[in-house]
Every structure is written in structure tokens, then in C-alpha cells.
Amino acid sequence: MSRPDTGQTPVLRLENIVKTFPGVRALDGVSFAVMPGEVHALMGENGAGKSTLMKVLGGIHQPNEGQIFVEEQATVINTPLEAKAKGIVFIHQELSLAEELSVAENIYLGELPRKSFGRVDWNKLFAETNEILGKLNVSFDAKARVGDLSIANQQMVEIARALTVDAKAVIFDEPTASLTDAEKVVLFDVIADLKSQGVGIIYISHRMEEIFKITDRISVLRDGQYSGTLTTAQTNEDEVTQLMIGRSLDLSRNVSHGELGDVALEVRGLSCGHLYQDISFEVRRGEVVGFYGLVGAGRTEIAETLFGLRDPSAGTILLDGKEVRINSPAEAIAHGISLVPEDRKGQGLVLGMNCRDNMTLPQVDDLKAGPFVAEGAEVAIFDQYRDRLDIRTPGWRQLVGNLSGGNQQKIVIGKWLSMHPNVLILDEPTRGIDVGSKSEIHNLIRDLASQGYAVIVISSEMPEVLHVSDRIIAMYHGELIRTFSSEEVTEDNLIQAISGIRSDKVA
Amino acid sequence: MGALSKFEIGGVLARQGILIAFVLFMIAFTIANQRFLDPDNILGVIRSSAILGVMALGVTFVVISGNLDLSVGSMMSFSTIVVLDLHDKIGPALAIPAMFIMTLALGALIGFLVGYLKLNSLIVTLGMLSAIHGLTLTYSGGKNMDIADKAGTWFSVFGQGSILGIPVPILIFALLAAVLGTMLAKTPFGRKVYAVGGNGVAATFSGIRRARVVFMCYLLSSFCVATAGLIQASRSLGSQNTVGQGLELEVLAAVILGGASLMGGSGTIFKTVIGVLILGFIQNGLLLVGLQFYAQYVVTWIIIILAVWLDIAAKRGRLWSPIA
Ligand SMILES: Nc1ncnc2c1ncn2[C@@H]1O[C@H](COP(=O)(O)OP(=O)(O)OP(=O)(O)O)[C@@H](O)[C@H]1O
Ligand SMILES: [Mg+2]
């Protein structure tokens, strides 16, 4: 990882960019440059302005002040199409695909190959798409309907889009938030490839391991201001964290072993068609059980079954020792189950609704003053969780859709914490959350357990499951391979288990 | 801070655009014709808008929940015919509740089909438009319906009476707007209507019973239709089978003019009332400046398109979309 040659001209340069929204100064004079063949990380807390800065580059937002230079030529970028024409490709944090269309149509949207009379050349379209998909090593083909793909696969479609143009600069806004480790490897190969072709790459992520693995330089934003650039090879996580949040973090593995209470949730022989089979486990009060596995291992589907969204084909669910049938989320909530779902935009939030109303939505029937919603009580709940989770928003009236991705995720977490559930299920709880808040959320999960909550954490991030869980359940292709206690688990045996290798349980 | 406050003014403009357009229309018409701002004229406009307005209140709920209701016009004809017919048969005191029950049953049927069976609301209510029309004609045998003793019935109070100088239809409209407006803005049910229309999946994930909410919206809509039918019947004391024909589009126009999104999840009762008044005053203003009655249909359409366009333009901050 060499330092970029200082004699080169940057592919992209931003000078003193200012961008305001009503009540928010999202970017406050940010300057920043990307060299050809460089992977440049952009880091910062949730709401620091990273996505906004990239949207300015991508022609989605117009800056109030400041200038953009493409290869040192002052440029105005009015629309995403203009950005693309100038060789700037933007892979968004929030997916923006047409669900009803095929993978191929999504990738070539707006520029489908044509035959005579303007007819779409489907053969060419599918062939070219499959070629790109081949490079990405994915499990679906060009004709698949995007809506049928998992979030991770949809992300791969977004990435495939970037490979169809002759790019000068490619922006990745948290591309790995929903990718598995295997998919990440593919993505990093793609990035290395682009880099060797002299493309400048801006890479936004909250994951330190990745940043240190693939980037050359790291620029940090803080509260909309540029706070510095570090050379990756000459710095460390602590220094970056300092620059981001002004303090360092204690990242030690602090699994506390408080007293375990009664079994709050027990699942016996649960199956759901081909999605998962014969799953049995229990969660005690005061315990965090982690579910680790690859995307598609059936973890989310188990959570959805417990939350009344899927009918199990066999097996029983017991809450506090009593067998229950859960037919709808409303019933699950009545039984004291909360689910932080994996797709915050699709399942977690009403984007056009304000922060407060989103947070209190599941309990709006209980927060009543006479026949009306007790708005004072709602504001109190919102304030409490805004402080506890450090949610950055100008106020509860802000529409959730206007918050940064990580702050949206915190609203979802606050929404379900405020239900004070008996059983709390979190599916990828820290997706898109910055390092500081992430460790706060991990601490919070541990706190909840020690307060007697029974917690299930589904995560594709090994450090996360290792960090928060008392026990870890490894799944592979819908099967429960093994349950590890926190003493016996190691990274190696965990990786083996989620690849389907059943090592005999050592005593 | 200077830049911020400029943006805030922009935000206010975007939110209150319809209100501002309304004031501008009023000023323009007043300059064109002095009679426009005459209190009698104003009261007259509001009174003639009341039937449309009452229906628009219910449709607002349906639209915010993310659905359409194109059956309200023909359902209103049904209510009117039924209550007029029963008036002479069983007396007004029984005819009114009987008509309400029948109309609510129709609303419940639509609510069941759209809410619980999850059928497309456009198809269901478009079908209902013609099915209810058929039902009305079958019921009446195609004949006009008239009350025998028009002078002697207290039934006329809903359409023709007035209290303290204010016409009863306006009072009913105002009362219903206040009640339903409070319900939408302040109660848990109202909140759920917004959630279901804004993101149905997220609403389900929040434990909201979507089907029930949609069902209730259609039931409310049919309640408003029954009320509108009552006013209509009481005002004319006799009616054709097609009295509500075409009203579904005017109602929808008023709701959209008010700024509710057809995608669901946004709109308020207050805005719908403004939309109803704009439509009423524009139609009245056009008559006063001497436009032929039938030309109004076209002008109304143009105004709706303008309103929708300006609404979208305010949201994206320019008049046309830069994205192809
Ligand atoms: N359209 C908008 N309207 C109002 N405020 C906005 C809008 N878009 C972004 N913001 C605000 O601008 C700030 C910066 O947001 P941005 O999305 O750039 O953060 P980010 O650094 O990408 O955070 P994350 O790591 O959570 O993705 C936030 O306070 C956000 O609420
Ligand atoms: Mg972001």
C-alpha cells in the first residue's frame, strides 16, 4: 500500500463544500481529494455527513457553497446521470433498485442494449450481465427478479452496476453492511481490480478491519467538518477513533456472567419448510444468545417465525414454560417479544413519518390519554432513547427518512427497547452504526441481559457475536450445527461450524 | 444562520403551498368580480360544497391508508334513493338508521375485499361503482324517487334548515371535519392509518393489524357517504338514480388538491377541507366571471394538474425533474 504519488493530479477534488438542510448544517466547508489508483476511506460518526458529501459528488444534492473538480477541471454536477457521464459511479448506502425488474434490467437501466426499431436486445443484455455477474461470483443470474434476492444479493447487483461504465471514480457507501465474509472477499477483489486500472475509490464504512485491509488513506469527517487525513499504513484504529469521536474505546471482550434466570423462551424441533429444520434451543433471562451463520442459513427466518410472521411446519414454541402459538406480530408483541428487523428501510421504519411517531408505533395503543395519543409521553420516550442511544437529529419532528443511515437504525433499536420486552430479538442490530455507538449498543445489550431480559442477537459479524453472546448457536443451511458456550468458542471452530462441519462436541 | 432561515421559509412555502394558492385565487376572483366576496356568496359556496366535502373527509382516510375509493359517488346515489324511498314507507326516524346500516354494509364489503382479501382497491371500488349503480337501479326500478308530502316533513332539516343563520349542511360538514380531523391527528387509530399507508410492511412489523385499519377506513368512508346522501336527499326531497354520478372524481380531486399523496401516508383533514373549498370557490368564481357551466369540467381538471405539479415542484425544489 504505497502512498499515492504526490505529483499526480487527483481524479476528484472537493473544495469548501457547504450543504445545509432545514435545521441542519450537514457539511460545513469540507475539502477532500482522491488520487487515481487510490482507495480512500471516508469515516465519521453517524450523521457526520459522509453520505451527504457523496450525494453532492453524485449529483443528487447541490452544494450551497464550494466547488467540485474532476481531474482538476471545475465541474457542476446537476444530476446522477451527469455524474455517471463524467465517470463518477455511486453505489448507495440505501438500495435503490427496481424490485419488479430483472437483475439485468436493473444493471443497465436507462441504457439497455438495442436492436432495430428500438427493441431491447435481450440476448445481449443477459449475456453481458452474466459476464459481469461471473466476475462477482454470485449465486443468481441475470434473469432473476431483484425483489426475490436477499439484501446482500441486491447489494451485489448495485456493485455490478458500477462495473458497466468506464469509471474514473467509484464511491462505495457502506457496501459491506449486509454482505457475508465470502461476498466481501469478492467485493475487495473488485476494488483491487478497479484500483489497478487507476480508478479512484472512495470507500465509506464503519468497519475498521476492512478499512485497514483495503484502503490507502483515511479521511475523517466530524459534525460536517473535515477533521483530518491519515495514511492507513502509518496509523492505527485508536488514532482513527480519536479523530472521529475525540476519545478512544474500550474494545475488550467483556462478557459478564451474571446470574441466569428462568428459561424465557424455549423452541423444540421447530421447522419451516425448506428454510430451516428441527431447531431446538432455549434462552434464559439474563442471557444473550448469538446466532451466527452465513446469509441464508435460516437465522432471520427463525426470528420471523418467533415474531408471528411465518407459520412453522413443525415444532413448538414455549414462553415462560407455556406453549404458545404466535400468528401475527401483534400477538408476538402481546407476548412480550420484540424484533429489530434486518431491513430498516423496508421493515423497520415508516420513512415519511417523524422520529417520535416511528419510535412509539408499536405501543401507540397503550400510550393514551383518554381517547387520544398521549403525545407528552411519546416525547418523553423519544427523548429518553435519543439520549441513551445518542441519536443525532434536530428534533423529534424530523422525518426519519432525513436521518443518516446509522441514526435511522438507532431509531429502530429505540423503538423496540422502549417496549421493555421479555424476549428481545435483534437481527443485525449494528448494521451501519459507527464504532462509538456500536460499542454503546453492545454495552446496552449486555446491560439489558443483566437486567433480566432474554436476548437473541443475529449477526454476520463474528466480533459482534463473540463480544455480546453468552452462548453462540452456529447455523448452516437451515440446520443448527452446534451450540457453543462462551468458554469453548474460538474463531476457528465457529468458522468450521457455519461451513457445515460438525466437529464432535468436546467436553 | 442566514442560509438556514432562508431554507426554513422555503420549507414553509412547500408545506403551505396549497393555502397560498387558495389565497391567490380568492384575490384574483375578487378583483375580477366584486360579488365574489359577498357573505351570501361565500356561504352559498360552502353550502354547495358540503356534500362533496363530507364525502372527501372519508376518502381522505382511505387515501392516506394507501388505497383509493372510486365508489363513493354511486354509493351516495344509493343512500339518497334508499332514504327517500324508506321515508314514506317507514317514516324518517327509521329510514335514516336503516339507510346508514345498508350503506355501512357496502363499506364493510369493500373494506373486507381490500383489507382482508388484499385485492387491489382501484379494481374493487371501480367495480363497486358500477355494481352499486346496478343495485340502486334495481332497488328503485329505475324511477326517480320522491317524497309525497314535501312540505310537511321534518326530514328537510338536514339539507334546508339552518341554526343561528348557518345552514345545517355546513354545520354537519364542520362538525364531521372537526371529529374526523381530531381522530386522524390525535388518536392511535389515526396514527395507524398513516403508518399503514406510509409503509405497510413496517406497520405489520410494528404489530399493527393492517387489514383491520384498511377495513375501518372504508367503513368510515361509507359513513361519510351515508351522511352526504342524507343531506342530498333532505335538500331535494326527491332524486334521480344518478345524483352522485361523477362525484368520486371531484372528491378525489379535492383530496389531492389538499395535498394528500396518492401513494398513501400523507395528508390531513384540514388540508382536505381547504381542497374542497378551493374546488368550490374556483367553480363558483368561474361562473361569476361568466364561463359556461360545462367549461368548468375542463378548467377544474387543469387546476388539479397545476396543483399537483406545484406540489411536486415544491417538494423537489424545481419545476421540472432533472432526472430523465
Ligand atoms: N434530505 C435531508 N434533509 C434533512 N437533513 C438531512 C437530509 N439528508 C441528510 N440530512 C442530515 O445531514 C446530516 C448528515 O447526514 P449523512 O447521511 O451525510 O450522514 P452519514 O455520515 O452518512 O451517517 P451514517 O454513518 O449514519 O450513514 C445528518 O444530520 C442528517 O440528518
Ligand atoms: Mg451514510
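Residues numbered from 1 in each chain as written. Chains lettered and ligands numbered in written order. Predicted model: local features only at pLDDT ≥ 70, side-chain atom pairs only at ≥ 80, totals over all residues. Heavy atoms only, no water.

Participant: How should I be thinking about the sheet that holds strand β22 (residues 479–485) of chain A in this particular structure?
Facilitator: Each strand in a sheet pairs with its neighbour through backbone hydrogen bonds, running either in the same direction (parallel) or in the opposite one (antiparallel). All names here are of chain A. The strand order β16-β19-β20-β13-β21-β22 describes an open sheet built from six strands, whose pairing is mixed. Either end of the sheet is taken by a strand with one partner, and the two such strands are β16 (337–340) and β22. Pairs of neighbouring strands in the sheet enclose a mean axial angle of 15°, with direction left out of account. Both strand β13 (residues 288–293) and strand β21 (residues 471–476) contribute to a ladder of five bridges, which runs parallel. Considered in β21, the bridge of G290 is made with I472. (Pairing = 2+ DSSP bridges. Helix = DSSP H or I, 4+ residues; strand = E, 2+ residues; numbered from the N terminus. Axes fitted to C-alpha atoms, helices over the stretch in contact; angles between N-to-C directions.)

Participant: Please explain unusual backbone geometry as it appears in this structure.
Facilitator: Only a minority of non-glycine residues have a phi that is not negative, and only a minority of peptide bonds are not trans. Residues and elements named next belong to chain A. Located in the positive-phi region is D278, a residue other than glycine, with phi close to 50°. The residue D278 is located in strand β12 (residues 276–284) in this model. Here the phi dihedral of H420 falls at roughly 45°; this positive angle occurs in a residue that is not glycine. Position of H420 relative to the elements: it lies in the loop between α14 (405–417) and β19 (423–427). H420 gets classed as exposed once you look at its relative accessible area, which sits at 51%. (Buried < 20%, exposed > 50% of the residue type's maximum accessible area, 1.4 Å probe, protein only.)

Participant: For this particular structure, what's the right way to read the site of ligand 1?
Facilitator: All names here are of chain A. Near ligand 1 there are 20 residues, and of these K50, S51, T52, S404 and G406 occur at the shortest range. In this structure, an oxygen atom belonging to ligand 1 sits 2.9 Å away from a side-chain N or O atom of N46. Taking 640 Å² as the accessible area of ligand 1 by itself, protein coverage stands at 90%. For the shell around ligand 1, the elements supplying multiple residues, two or more each, are β2 (24–34), α1 (50–57) and α14. At three residues, α1 tops the list of elements feeding residues into the shell around ligand 1. A per-class count over the shell around ligand 1 returns five nonpolar, twelve polar and three charged. (Near = heavy atom within 4 Å. Polar contact = N/O pair within 3.5 Å; in protein donor to acceptor, adjacent residues only side chain to side chain. Areas by Shrake-Rupley, 256 points an atom, 1.4 Å probe, with all protein chains shown as cover. Nonpolar A, V, L, I, M, F, W, Y, C, P; charged D, E, K, R; others polar.)

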